[in-house]
Amino acid sequence: AGGKCVINSANLEDGEVKFATMLGLARRYGAALVLGTIDEDKEEAMARTAERKLAIARRLHALAVEKYGFDERDIFFDPLVLPISTGMEKDRRSALETIEGVRRIHQAFPNCQIVVGLSNVSFGLKPQARIVLNSAFLHELTQAGLNAAIVHVSKILPHTKIPGEQWQAALDLIYDRREGGRDPLQKFIDFFPDGDKEKPAKPQATTLTLEERLRRHIIDGEKRDLIATLDEARQKYTPLQIINDHLLDGMRVVGELFGAGEMQLPFVLQAAETMKMAVAHLEQFMEKSAGQKRGSIVLATVKGDVHDIGKNLVDIILTNNGFKVFNLGIKQPISSIVEQWRKTQAHAIGLSGLLVKSVQVMKENLEELNSLGITTPVILGGAALSRHYCENDLRGIYKGKVYYGRDAFEGLRLMDRIVSGQTAELDEEIATRLSKRAQAEAVVTAVAARQSAAPAEAVLPDETPMVAATTCGCGGHSSQSKIKNQKSKITPPAPPFWGDRVAEQIDLDQVFPYINKVALFRGQWQFKKGRLSEEDYNRQIAEEIEPLFAKLCTQAKEEGILRPQVVYGYWPCNSQGDDLIVFDAADHDREVARFTFPRQKARGRLCISDYFLPQDSGQRDVLALQCVTIGPEATHRTKALFESNQYQQYLYLHGLSVEAAEGLAEFWHRRVRQELGIAGDDAPDVRGLFTQGYRGSRYSFGYPACPDMSDQEKLFALLKPDRIGCRLTENWQIDPEQSTSALIVHHPEAKYFAV
């Protein structure tokens, strides 16, 4: 490369061994090295105070220069920029501590460079507010000794081009000046109100009573003038009366509108944000006893599962309806859940999980609660859990009460009944459902019995029954199959290489067109048609949702939120009954992996292995594997949005990141088909690809045709996706969440099927 390369970055979070490795790479290639002020501290590895920033910088300098002989002029210290936009007390001093940290490091090591990632300071604020805060912060940092920064130059303005009152408000926020008890964050935000974008006509505030205005603030998610309305209400009501009698009544209406399909989820979250802001303002005027919660719950995603969007939505709705939620996060073992329950004596425990495996973990958790003598009510929820399995099977295991929470608002109803001791109605509803189900199953069983007793129909010559599967010595099964691949011996396509490759420099503009907007808009973002007319819904898509999508895509690209990476490759293979044997990329006679897939017991008796040439064909087939991710930054950003109560933006970014990973998988699958020379059968537009408008199929573990999630270990052994930051959890789920893997079958008859 021309000039001098800079490696970003190294730190001491994983100890000195990895740090020494990074130094060795920098010395080998003559590169400069960014050193972040992070060490092995298990409580708080990232240095927050100026004192710790300097202390870690001294240690980094001593190791790099004195122990390993690194040129100090090639060191860029990164004292870490943390957000001051969250409203949380622990973040209030982050900017001024960074400024002071820069000053101290510059004085201690004048021959070293200092660099920061600037825009993190304003994360989550509106674009214009970010420009002002970033510009003021950069000015203060350079005065303290900063000599390099990662910035978007078009988003930085000189002091002279920013109004004086905005500049001063930014400085007050940076230095946490709370003059007159005024919150500097709120003061700064007030300079950047919402735009005057035309919205549907609403009742004018001047025509509404005080009580109606309080409710409308929540229902409409309207934050403007909220504080003034609350202060006016305090002249008439106590803070607790305002919350319980008026604000919560607004949240009740929100729940009813959502349940009736008249309010979409993003606007529910907007209402929750407003509720959070209102309660936060009123809490300062409440006596401690007056702020007592309606009830409490310990909430967690079970061990091995990295998905938290559903659980966090439950947290949002319960919290903003007066409940105390102890949200433990993802991948939580039952020991941690029990520990928190014992500490808090919460009214209920809530367990969430998206994976099929997570349902089994929930069952094990209930059994463990039994052994510990705990009988507190448990609410279960998640995509893979059905109401019937929860109420019929899992409910029968637990010695306490178990309830199924379909969504956040059902969780709210369940908590209302649990806390008030009115669970008899819930139990009666469950008994009624189970009774009706049992009656229906009895009818189906009787009909099946009558049919099996009837004389068998004659079998026509071209309807010869499939030969029953018999166990073979290969560890799988041998069976007759109608898949033409095993009879006509379709010539396998030639891969461009054998083995694996990593692709990191992937342009997001190539990925975005492969995002399934129906899955994103309706599924992830929950913009459902509901009671809207077709015309009104299409207008909403065009005027509101498409611009939102475009804006988020731009933000994700400019701020590096989505960072697509892929590891993929091709391996020689053959089938042997229900097994698919994978051979070494270099030695095509050496077996390196074996997948055993289930076979349908009826219909076409399909099995994935049938789509590959059998081992006795005398010819190797080709198997493609891929693992894709859009990186961990999306997870970090969504977590920050959730913790700062920006629920609507949290939903939007989480949904985009998940569907971007799926879009990347679709995009790279097309790349694989092109490399194999079979892309000529592709549908003419991307939408056709979403319904398998191409030759072959892409199968992911955990889905019907290959349900065994533990096969991920074999795929990971072949692909080594740790090179792109992917790891497997205890339940074989990929972390980060926005990642997916698959095996790719080229046979033209390969399509999705259930076993």
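Residues numbered from 1 in each chain as written. Predicted model: local features only at pLDDT ≥ 70, side-chain atom pairs only at ≥ 80, totals over all residues. Heavy atoms only, no water.

K.L.:
What should I look at first to understand the overall build of the protein in this one?
P.N.:
Check the secondary structure of the protein and you find 24 helices and 21 strands. Its C-alpha radius of gyration of 30 Å places the protein within 12% of the 27 Å reference for a compact globule of 755 residues. With respect to the three principal axes, the spread of C-alpha positions in the protein is 90 × 70 × 55 Å. Relative to its full complement of 755 residues, the protein shows a buried share of 50%. Contacts spanning at least 24 positions in sequence make up 74% of the contacts within the protein whose residues lie at least 6 apart. For the protein, the accessible area works out to roughly 35700 Å², and carbon and sulfur atoms hold 50% of it. In the protein, 93 positive and 100 negative side-chain charges are present, and the distance between their average locations comes to 1 Å. (Helix = DSSP H or I, 4+ residues; strand = E, 2+ residues; numbered from the N terminus. Rg over C-alpha atoms; globule rule 2.2 N^0.38 Å. Buried < 20%, exposed > 50% of the residue type's maximum accessible area, 1.4 Å probe, protein only. Contact = heavy atoms within 4.5 Å. Areas by Shrake-Rupley, 256 points an atom, 1.4 Å probe, with all protein chains shown as cover. Lys, Arg positive; Asp, Glu negative; His and termini not counted. Charge placed at Lys NZ, Arg CZ, Asp CG, Glu CD.)

K.L.:
Sorry, what's going on with the confidence of the model for the protein here?
P.N.:
Detailed reading of the predicted model is not advised wherever pLDDT is low. Per-residue pLDDT for the protein averages 85, and the proportion of residues at 70 or more is 90%. In the model, residues 195-203 has pLDDT below 50 throughout and makes five contacts with residues more than four positions away in sequence or in other chains. This model gives residues 455-488 a pLDDT under 50, and the stretch forms 53 contacts once residues within four places in sequence are excluded. (pLDDT = per-residue confidence, 0-100.)

K.L.:
In this structure, what is going on with the environment of Val672? I would like to understand it.
P.N.:
You can see Val672 is positioned in helix 22 (residues 647-676). When the C-alpha atoms of Val672 and Gln626 are compared, they prove to be 9.1 Å apart, with 46 residues separating the residues in sequence. Every residue in contact with Val672, bar those within four places of it in the chain, is listed here: Tyr568, Tyr570, Ala624, Gln626 and Ile744.

K.L.:
Hey, could you run me through the packing of helix 11 (residues 309-319) against helix 22 in this one?
P.N.:
Each packed pair of helices is defined by two parameters, the angle between the axes and the distance between the axes. It is the contact of helix 11 with helix 22, at a shortest axis distance of 12 Å, that shows an interaxial angle of 170°. Taken together, the axes of helix 11 and helix 22 are roughly antiparallel relative to one another. Residues Ile309, Asn312 and Ile316 of helix 11 lie in contact with helix 22, whose contacting residues are Tyr647, Tyr650, Leu651 and His654. Tallied by class, the residues present in the contact of helix 11 with helix 22 amount to five nonpolar, two polar and no charged. (Axes fitted to C-alpha atoms, helices over the stretch in contact; angles between N-to-C directions. Parallel < 35°, antiparallel > 145°, perpendicular 65-115°, else oblique. Nonpolar A, V, L, I, M, F, W, Y, C, P; charged D, E, K, R; others polar.)

K.L.:
Just checking my understanding: could you explain the pairing of strand 17 (residues 621-629) for this structure?
P.N.:
Successive side chains on a regular strand alternate, one facing one side of the sheet and the next facing the other. Within strand 17, nine of the nine residues are buried, leaving the element largely enclosed by the surrounding structure. Burial along strand 17 is two-sided: the face carrying Asp621, Leu623, Leu625, Cys627 and Thr629 and the face carrying Val622, Ala624, Gln626 and Val628 are both buried. Sheet analysis places strand 14 (residues 565-576) next to strand 17, joined by nine bridges and oriented antiparallel. Paired with Val566 across the strands is Val628, a residue of strand 17. Here strand 17 runs beside strand 21 (residues 739-745); their pairing, made up of six bridges, is antiparallel. (Pairing = 2+ DSSP bridges.)

K.L.:
Would you take a moment to explain the nonpolar core for this structure?
P.N.:
Nonpolar side chains in soluble globular proteins tend to be buried together. Ranked by internal contacts, the top residues of the largest apolar core, which has 99 residues, are Leu247, Trp525, Leu562 and Leu656. Excluding residues that lie within four positions of it along the chain, Leu247 makes contacts with Leu214, Ile218, Leu230, Ile242, Met275, Ala278 and Leu282. Residues Leu23, Phe77, Leu171 and Ile174 belong to the second largest nonpolar core, which totals 50 residues. (Core = buried A, V, L, I, M, F, W, Y, C linked by side-chain atoms within 4.5 Å.)

K.L.:
In this structure, what is going on with the sheet that holds strand 1 (residues 6-10)? I would like to understand it.
P.N.:
What holds strands together in a sheet is hydrogen bonding between their backbones, with the strands either parallel or antiparallel. Pairing is parallel in the open sheet, where five strands are placed in the order 1-2-3-4-5. Every interior strand has two partners, whereas the edge strands, strand 1 and strand 5 (148-150), have only one. Within the sheet, the average angular offset between the axes of one strand and its neighbour, ignoring direction, is 25°. Of the pairings in the sheet, the one linking strand 3 (residues 75-78) to strand 4 (residues 113-117) comprises two bridges and is parallel in character. Directly across from Phe76, in strand 4, lies its bridge partner Gln113. In the packing of helix 2 (residues 50-67) onto the sheet, contacts are made with strand 2 (32-36) and strand 3, and the angle to strand 3 comes to roughly 160°.

K.L.:
Is there a simple way to explain unusual backbone geometry in this structure?
P.N.:
One can expect most non-glycine residues to show negative phi and most peptide bonds to be in trans. Asn8 connects to Ser9 through a cis peptide bond whose omega is 15°. Relative to the helices and strands, Ser9 resides in strand 1. Here Asp735 and Pro736 are connected by a cis peptide whose omega angle stands at 10°. Mapped onto the fold, Pro736 is located in the loop between strand 20 (734-735) and strand 21. A positive phi angle, near 70°, is found at Leu80, a position not held by glycine. Mapped onto the elements, Leu80 comes out in the loop between strand 3 and helix 3 (94-108). Its identity as a non-glycine residue notwithstanding, Gln692 has a phi of 60°, on the positive side. When its relative accessible area of 14% is taken as the criterion, Gln692 is described as buried.

K.L.:
Which parts of the structure should I look at to understand the pattern of salt bridges?
P.N.:
Close approach of charged atoms allows side chains of opposite charge to pair. As enumerated under the stated definition, the model contains 55 salt bridges in all. For the salt bridge of Arg92 with Asp183, the shortest nitrogen-to-oxygen distance reads 2.7 Å. Of the two residues, Arg92 is situated in the loop between strand 3 and helix 3 and Asp183 in the loop between helix 5 (164-174) and helix 6 (184-189); the sequence distance between them amounts to 91 residues. Residue Arg92 is classed as buried on the basis of its relative accessible area of 12%. Through salt bridges with shared partners, a single network forms among Arg387, Glu391, Arg406, Asp407, Glu410 and Arg433. (Salt bridge = Lys/Arg side-chain N within 4 Å of Asp/Glu carboxyl O.)

K.L.:
What is the right way to look at helix 4 (residues 127-144) in this model?
P.N.:
For an α-helix the count is 3.6 residues per turn, leaving residues at separations of three or four pointing the same way. With 18 residues, helix 4 extends 26 Å from end C-alpha to end C-alpha; this agrees with the ideal 26 Å at 1.5 Å per step. Buried residues dominate helix 4, accounting for 13 of its 18 residues. (Expected span 1.5 Å × (residues − 1).)

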